[in-house]
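Here is how the chains run, residue by residue.
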Amino acid sequence: MVYGTYENTGMAFCSGIFNDQDIEILKDKPRTNFTSAIKKMDATSCLIKTAEIHGHFCPGSALGVMASLYGLSLLENEVIESDGIMENLLAIVEVNACFADGIQAVSGCTLGNNSLIYRDLGKHAVTFAIRGKEKGVRVKVLPEFKEYIEDSVPEFYPLMEKVIVKRQGSSEDEKKFKETAREAAFSMTKIPFDKLFSVETTVPDIPDYAPITDSVICPECGEVVMASKVCKSGLKKGMCFMCSGHYSEVEGKGIVEKSSVIIKGNDC
């Protein structure tokens, strides 16, 4: 199926989803809608916007939305306008799950703009920090959140066990699970912050600004790679990590070391 075509190569194409005025506003400030919702503590709108990148509604992403609203409200007002370019606002997230997408969407701190720091701890918690400020705030989810879900949407966890955990659900079960997940997500936005989270002031350990590195060509595969991501010595000097036979990736288990045995030689 062809969803859209360019009349002329190189010409801008717009589907009509946004009108001209909206486009001009968003070209200047792409997070305008998020910023407005955050200032108004509008959790429902933030959740809907988050689902645009998360792909669906679920209580995990809703908790990320709520944690972000809570954490940002405790920081200086100007961080709400952060666009990630200067890496001034940082989010240190401790789990790679739905929660993390709520954090990225609402805060604007993402993996790609180097303002999101992932710590492989498996906890539903996030620390918000501002560069140059000694203290930040750590927001952690209280275990009681499950009780609120069970009370408001009792079918959610049994369906999650069947559809997601055991992978044994029928198409009808999957449909029902999506409906209950959506209902559970929006129910989270109606619960007071202090019922869902605890907050502590902390002195965060934050990294330096992301380094700007040159690009080089891997002599084995011929692909462009960051100069900081090649072997520095040995028989594989200058090769990318994939060609050298080992690399790391973030997956459902967390940070995992991987092997790709392509050529033989001393480790770099």
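The structure this text deals with has already been given above.
Caption draft 1: Fine view of the overall build of the protein. Along the backbone of the protein there are ten helices and nine strands. For the protein, the spread of C-alpha atoms along the three principal axes comes to 60 × 55 × 50 Å. Counting across all 268 residues of the protein, residues that qualify as buried make up 37%. For the protein, the share of sequence-separated contacts (at least 6 apart) that also reach a separation of at least 24 residues comes to 61%. With an accessible surface of roughly 16,400 Å², the protein has 52% of that area assigned to carbon and sulfur atoms.

Caption draft 2: Seen up close, the side chain of R131. With respect to the element layout, R131 can be found in the loop between β3 (125-130) and β4 (136-141). At 2.9 Å, the side chain of R131 forms a polar contact with the backbone oxygen of E87. With residues near it in sequence (within four places) discarded, R131 still touches E87, N88, L90, I206, P207, D208 and Y209.

Caption draft 3: Just helix α7 (residues 156-165), in detail. Here α7 has its buried residues at F156, L159 and V163. One face of α7 carries all of its buried residues, which in axial projection span an arc of 70 degrees. Exposed residues on α7 whose side chains face more than 90 degrees from its buried face are P158 and V165.

Caption draft 4: Inspection of a negative patch on the surface at higher detail. Judged by side-chain charge, E144, E147, E150 and D151 come together as a negatively charged surface patch. Residue position: E144 is located in the loop between β4 and α6 (145-152).

Basis of the calculations
Residues numbered from 1 in each chain as written. Predicted model: local features only at pLDDT ≥ 70, side-chain atom pairs only at ≥ 80, totals over all residues. Heavy atoms only, no water. Helix = DSSP H or I, 4+ residues; strand = E, 2+ residues; numbered from the N terminus. Buried < 20%, exposed > 50% of the residue type's maximum accessible area, 1.4 Å probe, protein only. Contact = heavy atoms within 4.5 Å. Areas by Shrake-Rupley, 256 points an atom, 1.4 Å probe, with all protein chains shown as cover. Polar contact = N/O pair within 3.5 Å; in protein donor to acceptor, adjacent residues only side chain to side chain. Arc of directions from axis to C-beta. Patch = residues over 30% accessible without salt bridge, like charges linked within 9 Å, V, L, I, M, F, W, Y side chains within 5 Å. Salt bridge = Lys/Arg side-chain N within 4 Å of Asp/Glu carboxyl O. Lys, Arg positive; Asp, Glu negative; His and termini not counted. Charge placed at Lys NZ, Arg CZ, Asp CG, Glu CD.

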